[in-house]
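What the coordinates show
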Amino acid sequence: MKTLYKIRANWAYMLLAGSLAVSTGCRNTEGTTGSAIGSDNEAARKVFVAPGKHDEYYAYLSGGFNGQVDVYGLPSGRLLKVIPVFSQNPENGYGYSEESKPMLNTSFGFIPWDDLHHPKLSRTNGKPDGRFLFVNGNNTPRIARVDLKTFETAEIIEIPNSAGQHCSPYPTDNTEYVVAGTRFAVPISNDGGGIEDVPLDTYKDKFRASLSFIKVDPASGEMNIDFQILVPGFDFDLANGGKGPSADWMFFTSYNTEKAGTLKEIGASQNDKDYLAAINWKKAAEYAQQGKAREIPANYYHNKLDHNTHSVTSTQKKTVRVLLPEDCPGMMYLIPVPKSPHGVDVDPTGENIVVSGKLAAVIPVHSYAKMIKAIADKAYETTINGIPVLKYESVLAGEVQKPGLGPLHTEFDAKGNAYTSMFVSSEVVKWSVKTREVLDRIPVYYSIGHLMIPGGDTQNPDGKYLLAMNKITKDRYLPTGPELAQSAQLIDISGEKMKLLLDFPTFGEPHYAQAIKADIVSKNSTKFYRLDENEHPYATKKEADARVERKGNEVHIYMTAIRSHLAPDNIEGIKVGDEVYFHITNLEQDWDVPHGFAVMGNQNAELLIMPGETKTLKWVPTKKGVTPFYCTDFCSALHQEMQGYARVSEKGANVPIKFWLGEPKKGI
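Quick caveat: nothing in here was measured; it's all calculated off a predicted structure.

**Comments concerning the overall build of the protein chain**
Of the regular secondary structure elements, the protein chain holds 8 helices and 46 strands. Computed over its C-alpha atoms, the radius of gyration of the protein chain comes to 27 Å, within 12% of the 26 Å expected for a compact globule of 668 residues. Looking at the protein chain residue by residue over its 668 residues, the buried ones come to 60%. Of the roughly 27100 Å² that the protein chain leaves accessible, carbon and sulfur atoms contribute 52%. Counting 72 positive and 79 negative side-chain charges, the protein chain places the averaged centre of each group 2 Å from the other.

This is how it looks when you write it as structure tokens:
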């Protein structure tokens, strides 16, 4: 009871302090709160990007519960693109077109939504290489790979034996693997059925967590689950890979080491310390290769986009290899950390491992060199399921004293400084990695979650900007009813003192972000798809081949689009209840000339078709009559003329297929 009282008292103090911080920040409701801005003119000058000029960085922000990735330019904060990943997107037909629907297949069926949390850029030799962006679906466990040549979702792999996959997708230092860990422990079925049906009061005995290691092909970026490690049923929260000397290791924070199955806000805070899991992934891969892994039944989907056919193929997989720590000595260790840890972040040297405990009054910094020595000395305080638990003091390098309230995440600049987000006291705290002395602090508005420095999670951080992603935005923008915009704030970290430069609203809840110098990505950007490389089975590469074919109750319309008409634009012979497939090829071979397509009354979405691309829209007419269709993207001065009609007759009517553009042609 005393412990419970203590926890409640600590939280009451932290919440009071947080409220004071927010209320202090709210004094000026005109949006210029805080002296940290310094000169408004100076801030405006630093974020101004002249018309026609490009931003210095791409920033990729998670869309949170909208399941998308939002691409901004920095420092301007201009929104450049929304990339649909786990959610259908009516703006371009992702998840609605016949080609893209399979991307959202899972063992639960077609899942058109997810809670997207963490974007992570691929790396080569510890530096962001601008090739791929990996993101995780937190709700239905999935990892996606976005190809940064096209800014399209190229692949999604479902993670079996998992639930609430929060601590993912974290890459190793050379993107050999991305990893995923479970927030929810679950009873894992032995028959491939996924999660077992057991009484909930068996939590402590039957629930387990899993840490998945997804191998990434170095050339294509294609993902495959190499193995999973089944671990005690803790809640694994976040992860990060080692760098340089520690590059063979992956670190995961865990909480609820008490294994509470209910009222976790109390039950999961009983122990004074939880654990950081340190896994030697190279040793684990060796164990898997040597036959230590057991193959068990599983059921998960792997969906891949073929850029030549512009189509997604979905494959169901039935087994996965698993390792048990008790069978693999030297693979996994536990390190005590302050209770309820959240982020774990490794500094650019790979030596310092920072663990942020949400309820802790200090920020502990662990030493990689001391961890290796403790392992060699077997400085264990106990073992859990065969996993050695290292002594806290034997690994600790030191603690940052009085950093603020509610530390969550840390990133680094190139000068040996760390920056930690403080959720409760709504601030960013700058401190020296070497001395662990607090150097500066700046308020943010309000209740910051993640923060991001371009390259600040790699061996090659940039020391110019920091992006704060905040949970509460009251009074920062014009009110929009009860639901307010989410917020990011850009902070100048180039000098000794941090300076707030810019607020800009974001979509969903921006859990995390990545940023990279724009020229690394933009030089490889695809401008259009070559028609002569289009291998889509329903492609129509010249207007003369446009046609309509009936196969039973299926009607396939091979249509072309070019400024400023659709071919064919008059179609007869469609009947109520037919399955009509518009296969539309955009014949344009120039940059920035997409065409859209929509059909009146279709229970679907529109299509947005890039030059040289083929996409398919399914339509099942429910009424007889004449149905217009048209190009939805303003493509030319005669865009409004880019339209046509489909005649729909009664089911069983004797109306032959006919189609034409200008002159009627006989159907096939």
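**Considerations on the side chain of Gln 68**
Tracing the chain through its elements places Gln 68 in strand S2 (residues 68-74). On the basis of relative accessible area, Gln 68 is assigned to the buried category, the value being 11%. Excluding its chain neighbours within four sequence positions, the residues that come into contact with Gln 68 are Leu 61, Ser 62, Gly 63, Val 82, Ile 83, Pro 84, Val 85, Gln 88, Asn 89 and Leu 116.

**Looking at the environment of Ile 214**
Along the chain, Ile 214 turns up in strand S12 (residues 208-216). Taking relative accessible area as the criterion, Ile 214 reaches 0% and is therefore assigned buried. Sequence separation between Ile 214 and Ala 44 is 170 residues, and the spatial gap between their C-alpha atoms is 43 Å.

**Observations concerning the sheet that holds strand S32 (residues 486-492)**
Across a sheet, strands are paired by hydrogen bonds formed along the backbone, either parallel or antiparallel in direction. Sheet architecture is open: 4 strands sit in the order S30-S31-S32-S33, paired in antiparallel fashion. Among the strands making up the open sheet, the edge pair consists of strand S30 (448-452) and strand S33 (499-506). Going from strand to strand, the sheet's axes swing by 25 degrees on average, the running direction of each strand aside. As paired elements, strand S31 (residues 465-470) and S32 share 6 bridges and run antiparallel to each other. When the sheet's bridge partners are listed, Met 469 is paired in S32 with Ala 488.

**Brief notes about the domain arrangement of the protein chain**
Under the domain assignment, the protein chain is made up of domain 1 (57-523) and domain 2 (534-660). Computed over C-alpha atoms, the centres of domain 1 and domain 2 are 43 Å apart. Facing the 13 residues of domain 1 at the interface are 15 residues of domain 2. Interface area lost by domain 1 to domain 2 is led by Glu 98, Glu 99 and His 310, which between them contribute 37%. Remark: the boundary between domain 1 and domain 2 carries 0 salt bridges. Of the residues that constitute the side of domain 1 that touches domain 2, the class distribution is 2 nonpolar, 7 polar and 4 charged.

**A word on the packing of aromatic side chains**
Per the counting criterion, the structure on display carries 21 aromatic pairs. Ring geometry for Tyr 538 versus Tyr 558: centroids 5.8 Å apart, planes at 40 degrees, classification tilted. Of this pair, Tyr 538 sits in the loop between helix H8 (518-522) and strand S35 (547-551) while Tyr 558 is found in strand S36 (residues 554-562), placing the two residues 20 residues apart along the sequence. For Tyr 538, a relative accessible area of 26% corresponds to the partly exposed category. Aromatic rings pair up to connect Tyr 177, Phe 213, Phe 227 and Trp 281 into one cluster. The side chain of Arg 547 reaches across the aromatic face of Tyr 558, ending 3.8 Å from its centre.

**Re the sheet that holds strand S27 (residues 417-422)**
Taken together, the 4 strands give an open sheet; going across it, the order is S26-S27-S28-S29, and neighbouring strands pair in antiparallel fashion. Bordering the open sheet on either side are strand S26 (407-412) and strand S29 (438-443), each of which pairs with just one other strand. Averaged over all pairs of adjacent strands, the angle between their axes in this sheet comes to 20 degrees, without regard to strand direction. Here 5 bridges tie strand S28 (residues 427-432) to S29, and the two strands are oriented antiparallel to one another. Bridge assignment links Trp 431 to a residue of S29, and that residue is Val 438.

**Some points on unusual backbone geometry**
One can expect most non-glycine residues to show negative phi and most peptide bonds to be in trans. Note that the residue after Leu 74, namely Pro 75, is joined by a cis bond; omega there is 15 degrees. By the secondary structure assignment, Pro 75 is in the loop between S2 and strand S3 (78-84). In this structure, the amide linkage connecting Ala 567 to the following residue, Pro 568, adopts the cis form with an omega of -5 degrees. With respect to the element layout, Pro 568 can be found in the loop between strand S37 (565-567) and strand S38 (570-575). Notably, Asn 125 is not glycine yet its phi reads approximately 50 degrees, a positive angle. Structurally, Asn 125 is set in the loop between strand S6 (120-124) and strand S7 (127-137). Owing to a relative accessible area of 57%, Asn 125 belongs among the exposed residues under this scheme. The phi dihedral of Asn 161 falls on the positive side, at around 55 degrees, and the residue is not glycine.

**A few points about the pairing of strand S10 (residues 167-171)**
A large share of S10 lies buried, amounting to 5 of its 5 residues. As judged from the 3 bridges shared by S10 and strand S11 (residues 177-181), these two strands associate in the antiparallel manner. Note that in S11 the partner of Cys 167 across the bridge is Gly 181. Taking the residues between adjacent antiparallel strands as the criterion, S10 and S11 are bridged by 5 residues, where Thr 175 takes a positive phi near 55 degrees.

**Here's the deal with the pattern of salt bridges**
Across all of its chains, the model carries 27 salt bridges by this definition. Residues Lys 282 and Asp 248 are paired through a salt bridge, measuring 3.6 Å at the closest nitrogen-oxygen approach. Placement of Lys 282 in helix H5 (residues 281-289) and of Asp 248 in the loop between strand S14 (235-241) and strand S15 (249-255) is noted, with a sequence separation of 34 residues between them. Assessed through its relative accessible area of 37%, Lys 282 is described here as partly exposed. Asp 503 is the partner of Arg 476 in a salt bridge, and the nearest nitrogen-oxygen pair spans 2.8 Å.

Cut-offs applied
- Residues numbered from 1 in each chain as written.
- Predicted model: local features only at pLDDT ≥ 70, side-chain atom pairs only at ≥ 80, totals over all residues.
- Heavy atoms only, no water.
- Helix = DSSP H or I, 4+ residues; strand = E, 2+ residues; numbered from the N terminus.
- Rg over C-alpha atoms; globule rule 2.2 N^0.38 Å.
- Buried < 20%, exposed > 50% of the residue type's maximum accessible area, 1.4 Å probe, protein only.
- Areas by Shrake-Rupley, 256 points an atom, 1.4 Å probe, with all protein chains shown as cover.
- Lys, Arg positive; Asp, Glu negative; His and termini not counted.
- Charge placed at Lys NZ, Arg CZ, Asp CG, Glu CD.
- Contact = heavy atoms within 4.5 Å.
- Pairing = 2+ DSSP bridges.
- Axes fitted to C-alpha atoms, helices over the stretch in contact; angles between N-to-C directions.
- Domains from an automatic or database assignment.
- Buried area = accessible area lost by both parts, 1.4 Å probe.
- Salt bridge = Lys/Arg side-chain N within 4 Å of Asp/Glu carboxyl O.
- Nonpolar A, V, L, I, M, F, W, Y, C, P; charged D, E, K, R; others polar.
- Phe/Tyr/Trp six-rings, centres within 6.5 Å; stacked < 30°, edge-to-face > 60°.
- Lys NZ or Arg CZ within 6 Å of the ring centre and 35° of its normal.

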